[in-house]
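Structural description and commentary
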Amino acid sequence: MTFISNNATTPSGPTGRGWRFAAFALAIVLVLFGLPLVGGGIYLIILGGSWYYALAGLGLIVTAVELARQRMRALWIYLVVWGLTVIWAFWEVGFDWWGQVPRLVAPTVVLVLILIVLPALRRPQART
C-alpha cells in the first residue's frame, strides 16, 4: 500500500533540497562579500571615512546567517540594509544616474536573489 504525501518535500517543492541549497549557496556568497566590506569599512572608519561599508558588510553577514538558517528574517534584515543603502547613495551622490549605478545595482541584485530563494525560507512559528 502506497501513500502519496503532499508535504512538498521534493526538490521542486517550496521546502525541497534545491531551494535549501540555493539559499545556503547565497548565504556563502553574502559572507564572502560581507567580510571584506566589514574589514575595509573598519579601516575606512579608522581613517575618518564613512561608516557605511562596515555596517553594510555586517548587515550582509547577519543576512547570510539567517539565510543559512532558512529564516524569513533574512529578507527583513536585508530590506533594512537595502533601504539604508538607497538613502546613503542618494545622500552621497544625489540624483546623478551614473553615480547611483555602482552604489545600487549590486545591492538590488542581491535583493532579487533573496526574493528568488524565498520559497526556502521558513515563516516564524506562532507561539502558543
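The following refers to the structure shown. (Residues numbered from 1 in each chain as written. Predicted model: local features only at pLDDT ≥ 70, side-chain atom pairs only at ≥ 80, totals over all residues. Heavy atoms only, no water.)

Considering the overall build of the protein chain
Here is the rule: A run of H or I in DSSP becomes a helix once it reaches four residues, and a run of E becomes a strand once it reaches two; helices and strands are each numbered from the N terminus. Categorising residues by exposure relies on relative accessible area from a 1.4 Å probe, with only protein chains included: less than 20% of the type maximum marks a residue as buried, more than 50% marks it as exposed, and the intermediate range marks it as partly exposed. A contact between two residues is defined here by any heavy atoms of the two lying within 4.5 Å. We get accessible surface area from the Shrake-Rupley algorithm with a probe of 1.4 Å; when it comes to residues, only the shown protein chains can shield them.
Secondary structure summary: the protein chain contains four helices and zero strands in total. N-terminal to C-terminal, the α/β element order of the protein chain is α-α-α-α. Here the protein chain, with 128 residues, has 32% of them falling under the buried criterion. Sequence separation of 24 or more characterises 53% of the internal contacts of the protein chain that already satisfy a separation of 6 or more. Only carbon and sulfur atoms are counted for the fraction: they give 73% of the accessible area of the protein chain, which is about 8700 Å².

Observations regarding the packing of helix α3 (residues 73–93) against helix α4 (residues 97–116)
Where we set the bar: Orientation is described by axes fitted as lines to C-alpha atoms, over the contacting stretch for helices, and by angles from 0 to 180 degrees between their N-to-C directions. Any angle that is under 35 degrees is reported as roughly parallel, and any over 145 degrees as roughly antiparallel; angles of 65 to 115 degrees are reported as roughly perpendicular and all others as oblique.
Following both chains from N to C, one finds α3 and α4 inclined at 170 degrees, their axes separated by 10 Å at the closest point. Comparing their axes, α4 and α3 come out roughly antiparallel. Two secondary-structure elements touch here, α3 through Leu 75, Tyr 78, Leu 79, Trp 82, Thr 85, Val 86, Trp 88, Ala 89, Phe 90, Glu 92 and Val 93 and α4 through Gly 99, Gln 100, Arg 103, Leu 104, Pro 107, Thr 108, Val 110, Leu 111, Ile 114 and Leu 115.

Considerations on the pattern of salt bridges
Quick note on the threshold: Put simply, a salt bridge is a Lys or Arg side-chain nitrogen that is within 4 Å of an Asp or Glu carboxyl oxygen.
Taken as a whole and assessed by the stated rule, the structure comprises three salt bridges. The closest approach of N and O atoms between Arg 73 and Glu 66, which form a salt bridge, is 3.4 Å. Accessibility expressed as a relative area gives 45% for Arg 73, which makes it partly exposed. Here Glu 66 falls in the buried class, since its relative accessible area comes to 6%.

So, unusual backbone geometry
Residue Gln 70 is not a glycine yet carries a positive backbone phi of 60 degrees. Looking at where Gln 70 falls in the secondary structure, it is placed in the loop between α2 (52–68) and α3.

Here we look at helix α1 (residues 17–46)
An α-helical turn contains 3.6 residues, so a residue and the one three or four places further along point in the same direction. Note the cut-off: Multiplying 1.5 Å by the residue count of a helix minus one yields the expected span of that helix.
Here α1 spans 43 Å end to end across 30 residues, near enough to the 44 Å set by a 1.5 Å rise per residue. Those residues of α1 not exposed but buried are Ala 23, Leu 26, Ala 27, Leu 30, Gly 34, Val 38 and Gly 41. Where α1 is buried, its residues meet α2 and α4.

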